[in-house]
Amino acid sequence: IIGAIALAAGIGFFLMLAFENDWIGARGRVILGIAAGMATLGIGAYSHRRYPAWAQAVTGGGLGILYLSIYSAFGFYDFIGLVPAFLFLALLVAISGLLALRYDSIIIALLGIGGAFLTPVLLGNDLLIADQIHVLLGYILLVAIGVLGISAFRNWRWFTLLGLLGSYGLQIALSSEYEPAKEELLLIQGFLTAIFLVFVGATTLFQILWRRIPGRTDLILISLNAVAYFGLSYGLLW
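An account of the accompanying structure is given in this report. (Residues numbered from 1 in each chain as written. Predicted model: local features only at pLDDT ≥ 70, side-chain atom pairs only at ≥ 80, totals over all residues. Heavy atoms only, no water.)

**Notes on the side chain of Thr 40**
Right, so step 1: Considering the arrangement of structural elements, one finds Thr 40 in helix H2 (residues 26-46).
Right, so step 2: Residue Thr 40 is classed as buried on the basis of its relative accessible area, which comes to 18%.
Right, so step 3: Other than its neighbours up to four places away in sequence, Thr 40 contacts Val 58, Gly 62 and Ile 65. (Helix = DSSP H or I, 4+ residues; strand = E, 2+ residues; numbered from the N terminus. Buried < 20%, exposed > 50% of the residue type's maximum accessible area, 1.4 Å probe, protein only. Contact = heavy atoms within 4.5 Å.)

So, in structure tokens, the structure goes:
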């Protein structure tokens, strides 16, 4: 593990130096990111039986690299169109969920969802412009649907909480940085309502499908979803 951390730090410093001196172009950065993410997933799968805890962290890191690479290829460098970007991201959300379920690992689920929500933050304010708002909102909804899919099979409350906080947190960041026109209010409110309904399912679907009695934590998550939706809707419409 120490060797892997040292190797990752060395590669990180080299890439930072290469980007600052423009040794690697924008297209090369995206290709390099995708290759590194795929290689990291392969390493995680290969080492899972012998070193399961380490492999889970490596797999989650690979998912984060892929999220950042694909999202930046569309939103930051404009290499691919809207439809291919969403298809790739939808595929990545599905892969993240399947890996988490296959290894029965909340670590992979948490690292994958953390990388998904961290990606727009790392890209900065470049996406908070009028013709990209629907892209960011659609991305948030796509990741939330991934949370819904996993919650049907595992009652990982911390995972659901992180998904809920990430979805509404990006909405709050969007509201603080961007003031929508009146004609955009219906679009944003529609996406906000869709996210609320997704998490209505994410906080109840496991109990309904598997006939489990919800506990106190489940009820807190259900209430938190409703409070967040009401507060954001009130602020947006005000």
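**Thoughts on the layout of surface pockets**
Right, so step 1: Quantified by volume, the second largest pocket comes out at close to 270 Å³.
Right, so step 2: Counting residues per element, the ones that place at least two in the lining of the second largest pocket are helix H7 (157-177), helix H8 (185-202) and helix H10 (216-237).
Right, so step 3: Along the lines of polarity and charge, the residues of the lining of the second largest pocket split into eleven nonpolar, three polar and two charged. (1 Å grid on protein atoms, 1.4 Å probe; cavity = no way out; pocket = protein on both sides within 12 Å on 5 of 7 lines; lining within 4 Å. Points joined across faces, edges and corners; volume = space filled by probe spheres on them. Nonpolar A, V, L, I, M, F, W, Y, C, P; charged D, E, K, R; others polar.)

**Thoughts on the pattern of salt bridges**
Right, so step 1: Scanning all chains against the criterion turns up two salt bridges.
Right, so step 2: We note a salt bridge from Arg 157 to Asp 218, for which the minimum N-O separation is 3.0 Å. With a gap of 61 residues between them, Arg 157 in helix H7 and Asp 218 in helix H10 connect regions that are remote in the sequence.
Right, so step 3: A relative accessible area of 32% means that Arg 157 is categorised as partly exposed.
Right, so step 4: Under the relative-accessibility criterion, Asp 218 is labelled buried at 2%. (Salt bridge = Lys/Arg side-chain N within 4 Å of Asp/Glu carboxyl O.)

**Focus: the packing of H7 against H10**
Right, so step 1: Running from N to C, H7 and H10 cross one another at 5 degrees; their axes reach a closest spacing of 11 Å. In terms of orientation, H7 and H10 fall into the roughly parallel class. For the pair H7 and H10, contact is made by Arg 157, Thr 160, Leu 161, Leu 164, Leu 165, Tyr 168, Gln 171 and Ile 172 and by Thr 217, Asp 218, Leu 221, Leu 224, Asn 225, Ala 228, Tyr 229 and Leu 232, respectively.
Right, so step 2: Of the residues that constitute the contact of H7 with H10, the class distribution is ten nonpolar, four polar and two charged. (Axes fitted to C-alpha atoms, helices over the stretch in contact; angles between N-to-C directions. Parallel < 35°, antiparallel > 145°, perpendicular 65-115°, else oblique.)

**As for empty space enclosed by the protein**
Right, so step 1: Taken as a whole and assessed by the stated rule, the structure comprises two cavities of 30 Å³ or more.
Right, so step 2: Put simply, the largest cavity is a space of about 90 Å³.
Right, so step 3: Considering the residues around the largest cavity, the lining is formed by 13 residues, among which Tyr 67, Ser 96, Ile 113, Ile 150 and Phe 159 are closest to the centre.
Right, so step 4: Put simply, the parts of the chain that give the lining of the largest cavity at least two residues each are helix H4 (82-102), helix H5 (106-123) and helix H6 (133-151).
Right, so step 5: Across the lining of the largest cavity, the residue classes break down as nine nonpolar, four polar and no charged.

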